Amino acid sequence: MQLKIMPKKKRLSAGRAPLMLFLCQMISALEVPLDPKLLEDLVQPPTITQQSPKDYIIDPRENIVIQCEAKGKPSPSFSWTRNGTHFDIDKDPLVTMKPGSGTLTINIMSEGKAETYEGVYQCTARNERGAAISNNIVIRPSRSPLWTKEKLEPIILRNGQSLVLPCRPPIGLPPPIIFWMDNSFQRLPQSERVSQGLNGDLYFSNVLPEDTREDYICYARFNHTQTIQQKQPISVKVISVDELNDTIAANLSDTEFYGAKSHRQRPPTFLTPDGNTSRKEELRGNVLSLECIAEGLPTPIIYWIKEDGTLPINRTFYRNFKKTLQIVQVTEADSGNYQCIAKNALGAIHHTISVTVKAAPYWIIAPQNLVLSPEEDGTLICRANGNPKPRISWLSNGVPIEIAPDDPSRKIDGDTIIFSKVQERSSAVYQCNASNEYGYLLANAFVNVLAEPPRILTSANTLYQVIANRPALLDCAFFGSPLPTIEWFKGAKGSALREDIYVLHENGTLEIPVAQKDSTGTYTCVARNKLGMANNDVHLEIKDPTRIIKQPEYAVVQRGSTVSFECKVKHDHTLIPTVMWLKDHGELPNDGRFTVDKDRLVVADVNDDDGGTYTCVANTTLDNVSASAVLSVVAPTPTPAPIYDVPNPPFDLELTDQLDRSVQLSWTPGDDNNSPITKFIIEYEDAMHEPGLWHHQTEVPGTQTTAQLKLSPYVNYSFRVMAENNLGRSLPSEASEQYLTKAAEPDKNPTAVEGLGSEPDNLVITWKPLNGFESNGPGLQYKVSWRQKDGDDEWTSVVVANVSKYIVSGTPTFVPYLIKVQALNDAGFAPEPAAVMGHSGEDLPMVAPGNVRVNVVNSTLAEVHWDPVPLKSIRGHLQGYRIYYWKAQSSLTRNRRHIEKKILTFQGSKTHGMLPGLEPFSHYTLNVRVVNGKGEGPASPDKVFNTPEGVPSAPSSLKIVNPTLDSLTLEWEPPSHPNGILTEYTLKYQPINSTHELGPLVDLKIPANKTRWILKNLNFSTRYKFYFYAQTAAGSGIQITEEAITTVDEGKLAMASRQVDIATQGWFIGLMCAVALLILILLIVCFIRRNKGGKYPVKEKEDAHADPEIQPMKEDDGTFGEYRSLESDAEDHKPLKKGSRTPSDRTVKKEDSDDSLVDYGEGVNGQFNEDGSFIGQYSGKKEKEPAEGNESSEAPSPVNAMNSFV
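Residues numbered from 1 in each chain as written. Predicted model: local features only at pLDDT ≥ 70, side-chain atom pairs only at ≥ 80, totals over all residues. Heavy atoms only, no water.

J.: I would appreciate a short explanation of the overall build of the protein in the present structure.
T.: Of regular secondary structure, the protein possesses seven helices and 93 strands. Every one of the 1206 residues in the protein was classed for burial, and the buried ones make up 44%. Long-range contacts, defined here as pairs at least 24 residues apart, represent 67% of the contacts in the protein between residues at least 6 apart. (Helix = DSSP H or I, 4+ residues; strand = E, 2+ residues; numbered from the N terminus. Buried < 20%, exposed > 50% of the residue type's maximum accessible area, 1.4 Å probe, protein only. Contact = heavy atoms within 4.5 Å.)

What follows is the structure, given as structure tokens:
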């Protein structure tokens, strides 16, 4: 594989891009390389390389030199303008132009005056490809005028007054530098009290007697002319109050008395600036200087703050004892109000300076030279900013573009010139001018249209030497138009260079981020464009790094003893190192006590001055290393106790015997810290596939310092070693050098190979791909092969990239296939894989089951049989058979609003199954369908069957009304599910005495058309328990129970009230306790008998009337197929309620029958046995069985109480 360099370029228009060339050192623009060989036949427009500054102040005592240098091919010619008109240098004998250059020399030293040549000059460099122009160069001679003569009277003032000594220097060009000195040319001392202002004046916050002197002299230094001008000396005398009268009397006629203020202490006032506020304007990039000088006694101190902001930390400086605030590189963000505060013990005063930062134009994007090939597109962008916003104007070859010759390939769009499909005549030099009131910027940028084949400018057969594990940079400087693409090859056979190992830069340089020994060799750089090709060979040698394998160690020695530092160096055998020793980063003392041999520094007779840091430095021509140790000199001390710790890390890891699948690793153990090393642990890192992740490689005994390591192909190994003793494990060693094993064919094939169709006409082959470590080489791919299992077809194969799926289209429906997936890389194939079987996609079954037969087992269960469908018609994996069945119409009720279809699925190849949970005396319809992985096949013809009558459900309600002394009236509602034709009702009842014992059971038959019945001849004031159920031809239904009491005889009640209340008698209470104990014993005996199957008389009577179909289905009655409901009306989804005690209105309601299929299945996941019996969980809700016989609720008898308890 060849790696191509596609330089990163800003897209300017579709399919075109500007040509990227080299960066010239002198100016910031893209240039054609000025290689002598290249310039022999390569044309280039002029480029200004050097020019005089815009504001050029000259020394009038020297000749004037105005610089203008340019380059181009052909060499450009030069001309000048002065003050906007052509400057004919041939007519002025004092002006000469440097040959091959545009630099002017004006000879004013022999004759002439500098003022004569003041003006604005501009240079033009021109050749056949265009014209470049210089800035407007303003020539002004420097001036250093003398001070005007003035008479300065002596200044007399009292101690403590303020004073300002004016300087007022003459106006020069450039402005002079001001300083104050005395007659001895000694600078006058300055302090917080006395300082020089920015305007040159000397300010005294308050004067002291020592300020008295007669030689306060202001000097102005004009640097351009190297002259210093001096002001007349100023005399100052400071007198005390006692001297004041004599001084006034003696000198009033010929002196000036400076002020008349008291010398007493006073708060600050500002000497400069005036007032409370002032304004300051500065240009962006300049130094902003703000000044506040105050007078007062004691001397005020100045503080600065910025209102609504903070002062920039790294750009703020205080000068002149904090009286001047300076901000360098000022920006627009520095605008705002600055406040200076003068403070002393008597008060404070402040002054606000409003700062506005303006900006001369500055570049956002300066136009860059553009080299294009014919028919290419490009743009010149000239973007500047300033305050106010600068105006952008364009020139072409020095002429305003509005009047320049028209170019159809050029379009002006504000600050951008757009070129489309340029031709050779489009070559020109364009000037961009950005200007505002504070200045201007002028930039030249040429458009050079060239058609040149590639040229490589790097010298042929250049030798690069690089230290291993460091980056290697191989140059390939090139030129061409259109821009060539760069390719790199290694070796005579043209080995491909891969992006995951190499980095290719836009300028053609090839970078090897981590050069290894096997990086050594010859590399070829190839440059191509549509006009041709060029190539160049360079050579790379990788050297072993220089290492200090035995470093000097920290030493503590006693005075007068001898110490030695060891420094063993290991280096590449082709490099010769030099070793030198330093003490405290300087040369060793010139003392015979210091001895240096090959690997050791020895210091004899150590004294206190010998303490410090000793450094061993090893240098070669390619690298250098150093190691240091500290020497501490102490008085003799007792030997310290040994320190026990984990080992120090091993060091000096070295790889030898480097083979394809193995390498030998050796190392030097670190200090064991007084606990023997028991073992070494070796770990590896794969820098190519899992950088930064370390894996366990092996362990070796602590006496071994080498290990033979097994390696995998195409892994960039690094190793590290840890030592372990009884106290723990050391830190890891430094990583070894990297070792990239050679690529090899894969050792294994992908796993989890499967073939399943997602559509009827495809085969989706999937597998688990190899990871990077298992790939064994670059270019990991997979060979996917398949053929029909039962045919004689040849294998069909395809090679795919490193993916995990391949889809074969156009396959027959549900055909078995043999599948193989084999790994391969650039080195070869993995071993032949084993074939696995898969199937193409399934389709819906085509045939319905036939000969469907139904055998009704009983009123709630039916058995269905069918013939299996042919296997070929299934067209997929047989999942089973599915029965759809629904209750069409009841034999009694012909209008059902909704039909609920139910489903039972029978897994596998079963041909019969049971339908549980059917409703008795009902009309059913069913059909059978075969199911595969795709879905269901067509339905069999509908099969109709009827269920026989069953026992009815319990009556819907039972009420007992109108109790009298000897009668009770019973009212009821028929069963909600008669499950057949009702033949009669059975009513059983028996009395319950005061001890809750049951009396004789009376059995009464009632016609089926009755819903009310009156029982007569009952005992008064007696509780009765009733058992009531309906009957069909199939037998008795579920019973419902109720209790009621006849009314009390009032005459006997009155007689009982006149009797003595025995309940309060002691003997009665004792008797009741004995009876209670007896009853408890009886209850326990009954409970035990019941658990053993015993029965009391009521149960024996009820069992005599039992009917098998009355009993609800038990969980172990049998198991059935899977169930799910397709649709049902709201009534069928009401929950089934269990029997309960009689409510307060003496009504018991029984809702829908419990015999519902919902209670039988577990959705579509239930299972059937081979004989059709159901093996799923029959988990529906069932009616709770009565404690005895058919009772579901009864009076609170002792037996029922105990049953409820347990």
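On we go from here.
J.: Any chance you could explain the nonpolar core here in plain terms?
T.: The nonpolar side chains of soluble globular proteins are, as a tendency, buried together. In this structure, Ile66, Trp80 and Tyr117 are the most contacted members of the largest nonpolar core, which totals 31 residues. Among the secondary structure elements, those contributing two or more residues to this core are strand E5 (55–58), strand E6 (64–66), strand E7 (68–73), strand E8 (77–82), strand E11 (104–106), strand E12 (119–127) and strand E14 (137–141). With three residues, the top contributor of residues to this core is E12. Beyond its immediate stretch of four places on either side in the chain, Ile66 contacts Ser52, Tyr56, Trp80, Gly102, Thr103, Leu104, Ile106, Tyr121, Ile137 and Ile139. Among the nonpolar cores identified, the runner-up in size contains 24 residues, and Cys476, Trp488, Ala534 and Ile542 belong to it. (Core = buried A, V, L, I, M, F, W, Y, C linked by side-chain atoms within 4.5 Å.)

J.: Would you mind showing me how to read the state of the cysteines here?
T.: Disulfides are covalent bonds that link the sulfur atoms of two cysteine residues. On inspection of all chains with the given rule, the structure shows six disulfides. A disulfide bridge connects Cys292 with Cys340, and the sulfur atoms are separated by 1.9 Å. Taking the sign of the S-S torsion, -65° for the link of Cys292 and Cys340, the bridge is left-handed. Of this pair, Cys292 sits in the loop between strand E26 (288–291) and strand E27 (293–297) while Cys340 sits in strand E31 (residues 336–344); the two residues are 48 residues apart in sequence, bridging distant segments of the chain. Across the pair, exposure class does not vary: Cys292 and Cys340 are buried alike. Between Cys567 and Cys616 runs a disulfide, and the two sulfur atoms are separated by 1.9 Å. Judged by the sign of its S-S torsion, about -60°, the bond between Cys567 and Cys616 is left-handed. Of this pair, Cys567 sits in the loop between strand E54 (563–566) and strand E55 (568–570) while Cys616 is found in strand E60 (residues 612–619), placing the two residues 49 residues apart along the sequence. (Disulfide = S-S within 2.5 Å.)

J.: Just to check I follow, could you spell out the sheet that holds strand E30 (residues 324–327) for this structure?
T.: Within a sheet, adjacent strands bond to each other through the backbone by hydrogen bonds, running parallel or antiparallel. Pairing in this open sheet of three strands is antiparallel, and the strands run E26-E30-E29 from one edge to the other. Strand pairing shows two members of the sheet lacking a second neighbour, E26 and strand E29 (316–319), which therefore form its edges. Taken pair by pair, the neighbouring strands of this sheet meet at an average axis angle of 20°, ignoring direction. Bridge count for E29 against E30 is four bridges, and the pairing is antiparallel. By the bridge assignment, Phe317 is partnered in E30 with Gln326. (Pairing = 2+ DSSP bridges. Axes fitted to C-alpha atoms, helices over the stretch in contact; angles between N-to-C directions.)

J.: Help me out: how do you make sense of the environment of Ala132 in this one?
T.: Relative to the helices and strands, Ala132 resides in strand E13 (residues 130–133). In this structure, the C-alpha to C-alpha distance between Ala132 and Val429, residues 297 residues apart in sequence, is 5.9 Å.

J.: What am I meant to see in the pairing of strand E56 (residues 578–583) here?
T.: On any regular strand, side chains alternate: one points to one face of the sheet, the next to the other face. As paired strands, E56 and E60 are joined by six bridges and run antiparallel to one another. Each residue of the ladder has a partner; that of Val579, found in E60, is Ala618. Here E56 pairs with strand E57 (residues 586–587) via two bridges, running antiparallel. Note that in E57 the partner of Lys583 across the bridge is Gly586.

J.: Any chance you could explain the sheet that holds strand E58 (residues 594–596) here in plain terms?
T.: With antiparallel pairing, three strands are arranged side by side in an open sheet as E54-E59-E58. Both outer strands of the open sheet, E54 and E58, are each paired with one neighbouring strand and no more. The mean inter-strand angle of the sheet, taken between neighbouring strand axes irrespective of direction, is 15°. Across four bridges, the pairing between E54 and strand E59 (residues 600–603) is antiparallel. Across the sheet, the residue bridging to Glu566 is Arg600, located in E59.

J.: In this structure, what is going on with the pairing of strand E70 (residues 751–756)? I would like to understand it.
T.: When E70 meets strand E71 (residues 762–768), the two strands line up antiparallel, connected through four bridges. Within the sheet, the bridge partner assigned to Leu756 lies in E71 and is Val764. Hairpin connection between E70 and E71: a loop of five residues separates the two successive antiparallel strands.

J.: Sorry if this is basic, but what is going on with unusual backbone geometry here?
T.: Negative phi is the rule for most residues except glycine; trans is the rule for most peptide bonds. Following Lys73, the chain continues into Pro74 via a peptide bond in cis, with omega recorded as 0°. Relative to the elements of secondary structure, Pro74 occurs in the loop between E7 and E8. Residue Pro273 is reached from Thr272 by a cis peptide bond, and omega for that bond is 0°. Topologically, Pro273 is positioned in the loop between strand E24 (266–272) and strand E25 (277–283). With a phi angle near 60°, Phe321 is a residue other than glycine that sits in the positive phi range.

J.: Hey, could you run me through the pattern of salt bridges in this one?
T.: Side chains that differ in sign of charge can pair as their charged atoms come close. Considering all chains together, one arrives at 42 salt bridges under this definition. For Glu541, the salt bridge is made with Lys543, and the minimal N-O distance between the two is 3.2 Å. By sharing partners, the salt bridges in this structure join Lys679, Glu699, Glu724 and Arg729 into a single network. (Salt bridge = Lys/Arg side-chain N within 4 Å of Asp/Glu carboxyl O.)

J.: Any chance you could explain the packing of aromatic side chains here in plain terms?
T.: For any pair of aromatic rings, geometry is given as the distance between the ring centres together with the angle between the planes. By the definition in use, this model includes 21 aromatic pairs. Note on Trp866 and Tyr881: the rings are 5.6 Å apart at their centroids and 50° apart in plane angle, and the pair reads as tilted. Residue Trp866 is located in strand E79 (residues 861–867), and its partner Tyr881 is located in strand E80 (residues 878–890); the two are separated by 15 residues in the primary sequence. According to the relative accessible area criterion, Trp866 is buried, its value standing at 1%. Considering the side-chain rings of Tyr985 and Phe1028, the 5.2 Å spacing of their centres and the 15° angle between planes classify their relative orientation as stacked. Of this pair, Tyr985 sits in strand E87 (residues 982–992) while Phe1028 sits in strand E90 (residues 1023–1032), placing them 43 residues apart in sequence. The buried category is assigned to Tyr985, whose relative accessible area is 1%. Among the aromatic residues, those joined into a cluster by ring pairs are Tyr684, Tyr717, Phe719 and Phe773. Geometry around Phe87 places Arg82 over its ring, the cationic atom sitting 5.9 Å from the centre. The ring of Trp886 is capped by Lys901, whose NZ or CZ atom sits 4.4 Å from the centre of that ring. (Phe/Tyr/Trp six-rings, centres within 6.5 Å; stacked < 30°, edge-to-face > 60°. Lys NZ or Arg CZ within 6 Å of the ring centre and 35° of its normal.)

J.: I tried to follow the confidence of the model for the protein on my own but got confused; where do I start?
T.: Detailed reading of predicted coordinates is not advised where the pLDDT is low. For the protein, per-residue confidence averages 83 on the pLDDT scale, and residues scoring 70 or more make up 82% of the total. For residues 1093–1120, every residue scores under 50 in pLDDT, and the model assigns this stretch 69 contacts once sequence neighbours within four places are set aside. Every residue in residues 1122–1206 is under pLDDT 50, and counting partners more than four places away or in other chains gives 231 contacts. (pLDDT = per-residue confidence, 0-100.)

J.: Just checking my understanding: could you explain the side chain of Asn433 for this structure?
T.: Among the structural elements, Asn433 can be located in strand E40 (residues 428–436). Look at Asn433 and you get buried, because its relative accessible area is 18%. Discounting chain neighbours no more than four positions away, the residues touching Asn433 are Arg391, Ile392, Ser393, Tyr440, Leu441 and Leu442.

J.: How do you make sense of a nonpolar patch on the surface when you look at a structure like this?
T.: Nonpolar side chains collect at one region of the surface, where Leu1077, Leu1080, Ile1081, Ile1084, Val1085 and Ile1088 lie side by side and expose about 530 Å² of accessible area between them. Within the secondary structure, Ile1084 sits in helix H5 (residues 1066–1091). Classification of Ile1084 by relative accessible area gives partly exposed; the value is 44%. (Patch = residues over 30% accessible without salt bridge, like charges linked within 9 Å, V, L, I, M, F, W, Y side chains within 5 Å. Areas by Shrake-Rupley, 256 points an atom, 1.4 Å probe, with all protein chains shown as cover.)

J.: Explain the environment of Gln339 here, please?
T.: As for its placement among the helices and strands, Gln339 is situated in strand E31. If near-sequence neighbours (up to four positions away) are discounted, Gln339 is found in contact with Tyr303, Trp304, Ile305, Glu307, His350, His351 and Thr352.

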